Amino acid sequence: MSRSTISLFNTNFVGLSNKKAELIQHLNNLHKSLKSLTQDEALGLQKVLKTSTAPQLLSHKILSHSDKDVKLLSCCCIVDVLRLMAPENPYNNEDTITAFNAVVNQLRGIATYAPVSDILGSHVYYILNNIATVQSCVVPVMLAMDGVYGADEVAEALFSTILSSVRADHPPEGTLSN
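### Focus on unusual backbone geometry
- For the bond from Ala86 to Pro87, the omega torsion is 5°, close enough to zero to count as cis.
- Along the chain, Pro87 falls in the loop between helix 6 (68-85) and helix 7 (93-107).
- Phi is positive for Gln135, which is not a glycine, with a value near 65°.

Here it is in structure tokens:
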């Protein structure tokens, strides 16, 4: 793994929150890098993912940013980190609930974005495909079964959002290319 790739994961990008274009560029590069990695390739990055990248993705400055691209790209990165670190969860229970609430908020876009024709739609579908493929959608259910505060609500919101947003013109499973 190159130094520039490791540096990308270790960069303090929350500090870019007032520089929208730079933040979007960084999140886009981060997503592309995370997306391209396999779990085996990410083994040497687990510490930096858990201590630097994952916490920053849940930063209030990122998740409540005024720009929808920032929030959407951060959720793409969140599901990438969950995939790369599975079966370990990089977040504590409270942060996991925060992460899935952010993901649910982005999945609500399924009903309004064109599946593949626009970049926002393709990112929303990337999130959906990722949580379905990795089966990380069961994490909030497991937390709810353990009685974790807020897990019931996020699990219900996750599944009701997905079920209420499906449209007849959505592509069949496995036909999206990201």
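There's plenty left to go through after this.
### Examining the pattern of salt bridges
- Under the criterion given, the structure shown has one salt bridge.
- For the salt bridge of Asp67 with Lys20, the shortest nitrogen-to-oxygen distance reads 3.3 Å. Remark: Lys20 occurs in helix 2 (residues 20-36) and Asp67 occurs in the loop between helix 5 (60-63) and helix 6; sequence separation between them is 47 residues.

### So, the confidence of the model for the protein chain
- Predicted confidence across the protein chain gives a mean pLDDT of 86, with 84% of residues reaching 70 or more.
- Highest mean pLDDT in the protein chain belongs to helix 7 (96); lowest belongs to helix 1 (residues 3-10) (74).
- Below a pLDDT of 50 lies the segment residues 174-178, which in the model reaches nine contacts outside its immediate sequence neighbourhood of four places, other chains included.

### Looking at the environment of Ser59
- When you line up the elements, Ser59 lands in the loop between helix 4 (46-57) and helix 5.
- Looking at Ser59, the relative accessible area reads 16%, which means it is buried.

Thresholds applied
- Starting afresh in each chain, residues are numbered from 1 along the sequence in its written order.
- In keeping with the predicted nature of the model, local features appear solely for residues at pLDDT of at least 70, side-chain atom pairs appear and are counted solely at 80 or more, and the whole-chain, interface and lining totals rest on all residues.
- With hydrogens and water set aside, each side-chain value is computed from the structure's full complement of heavy atoms.
- Secondary structure is summarised from DSSP: a helix means a run of H or I of at least four residues, a strand means a run of E of at least two, and numbering begins at the N terminus for each.
- Salt bridge, as used here, is a side-chain nitrogen of Lys or Arg placed within 4 Å of a carboxyl oxygen of Asp or Glu.
- Per-residue confidence from the predictor is reported as pLDDT, which spans 0 to 100.
- The criterion used for residue contact is that any of the two residues' heavy atoms lie within 4.5 Å.
- Burial classification: accessible surface area is computed with a 1.4 Å probe over protein chains only, and a residue below 20% of its type maximum counts as buried, one above 50% as exposed, and the rest as partly exposed.

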